[in-house]
Each structure stands twice: as C-alpha cells, then as structure tokens.
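Understanding the architecture of this molecule
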Amino acid sequence: MTPDEFVESVRDDNDTALSRLGSSKSLYAATGGELEPEEVLRAAANAEHDAAETFAAWAADEGHDTPAGEAFADAADQEREHYETVLAELDDFEPANDPSAMQASLRGLDDTVARAGGLVGRVLATEKSKEQYTGFFTGQADPMTASTFRGLKDDLSDQLDAAKELLDALCESEADWARAKDAADAAVQAAYDEYTEQLESMGVNPKPVC
C-alpha cells in the first residue's frame, strides 16, 4: 500500500461518517445548539487547543530528534498558532480541558505507526469541521473570519503530508498498515459517535432527512 492509497481507503471506509461530520448539524452539535458566533469560536478554540496538547505530548514521547517527534512537534506548533488565531477573535476564553472523543482516542495511541495513522484520521475529520466554520461565518456576512477558517483548513494539508511521509517510512508490513488504519478509523469514528450522541441528546436526528 502507498500512503495515498491509505488516505483514500480511510476516506472511502468512513465516507458516511465524514459526510455527516461535514453537514451543518456538526456545528449545532459542537455548540450544544447555540449557533452564535462567539459559541462557534469557543468550540473552535477548544478543538485547536486540545489538538496542540495531544501532538505536543506525542512529540515529547517520541523525542524531538526523531522524524516522528519532529512531525508531531510541527503539528503541535501549527495547532498552537491556530488556537492563538481563534483566540484573537474572542474577548474572554479559557480552554475547557475536557478533550473531545476524537482527542481522547488519539491520546490513547502509544506507538508511532498508530499515531501517524491517527493523525490522518484527525485531519480528514477536521477538514470537514473547518468547512462548516467557513460556511457559518460566510452566512454571518463575516468574510474575514470565514477567510481565517479557510486558511486554517488549508494548513491541514501540511499535517496530512507529514503523516503520509511517516507512514511511508514506518510501515514495513501489511500489519503495520492495518494498525495505522485501525487508528485512523477509530479517530474518525470517535468524532462521529460524539456528534451522534450530542445531537441525540438534544432530540435531533443525526441522519440526513431525504
């Protein structure tokens, strides 16, 4: 398997979950139904903060002098920049320090191959949420903030490239690719399960009405 084939397999096997995570209901779930600009920004800030913490812990565990450690440290730095960018839009904010289900899934990974796979899953799920943030602020007639989130989504391509490079270097057997795939799938599924639970708790059907 090649890294590109790996990414496509994660996308294909999680098509339904990723599609629903990219629906307008995702922001409704993330904000507890409070679709106001400040609440949307708070949800985004928490997500960026939690990701930075996860990747920083991975980097420290791997060692900053290793390819994986460097890649995870770079991802942590990028997520800290994202956090600061969103934070600049808020007057008063403290991180919830209650990681999402996806971040909890990622933090449970303890080997490099699985972490590289988990990073792929996280990027694919987060791309969807960034699209919704962009769409929300476009609908709010706030093109500047919409452009900010569009830029944050574009940055995710760097993380995906880094994950693919790691997978290419680390995966020496089908078992390695399978372990990475399990981690990627678990990250997406954790995000989707949380999305479903949040909506159902508010009496909202998570499935699209056809």
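What you see is a predicted model, and the numbers here were worked out from it, not measured in a lab. (Residues numbered from 1 in each chain as written. Predicted model: local features only at pLDDT ≥ 70, side-chain atom pairs only at ≥ 80, totals over all residues. Heavy atoms only, no water.)

**Let's talk about the overall build of the protein chain**
When helices and strands are tallied, the protein chain shows nine helices and zero strands. Mapped from its N terminus to its C terminus, the protein chain presents α and β elements in the order α-α-α-α-α-α-α-α-α. In terms of overall size, the protein chain behaves like a compact globule, its C-alpha atoms giving a radius of gyration of 17 Å where 210 residues would be expected to give roughly 17 Å. In terms of overall dimensions, the protein chain has C-alpha extents of about 50 × 40 × 30 Å along its principal axes. (Helix = DSSP H or I, 4+ residues; strand = E, 2+ residues; numbered from the N terminus. Rg over C-alpha atoms; globule rule 2.2 N^0.38 Å.)

**Structural notes on the nonpolar core**
Counting residues in hydrophobic clusters, the biggest one holds 44 residues, and the most contacted among them are Phe6, Val120 and Leu167. Elements with a contribution of two residues or more to this core: helix 1 (3-13), helix 2 (15-21), helix 4 (37-62), helix 5 (67-87), helix 6 (101-107), helix 7 (112-139), helix 8 (143-170) and helix 9 (174-201). Residue contributions to this core peak at 10 residues, all from helix 9. Membership of the second largest hydrophobic core comes to 16 residues, among which are Leu27, Val40, Ala43 and Ala45. (Core = buried A, V, L, I, M, F, W, Y, C linked by side-chain atoms within 4.5 Å. Buried < 20%, exposed > 50% of the residue type's maximum accessible area, 1.4 Å probe, protein only.)

**Some details on the pattern of salt bridges**
Under the counting rule described, the total for this entry stands at 14 salt bridges. Note that Asp4 is salt-bridged to Lys164, the shortest N-O span being 2.6 Å. Highlighted residues: Asp4 in helix 1 and Lys164 in helix 8, separated in sequence by 160 residues. Note that Glu8 is salt-bridged to Arg11, the shortest N-O span being 2.9 Å. Linking Glu8 with Arg11, this pair stays in helix 1, spanning three residues, or about one helical turn. (Salt bridge = Lys/Arg side-chain N within 4 Å of Asp/Glu carboxyl O.)

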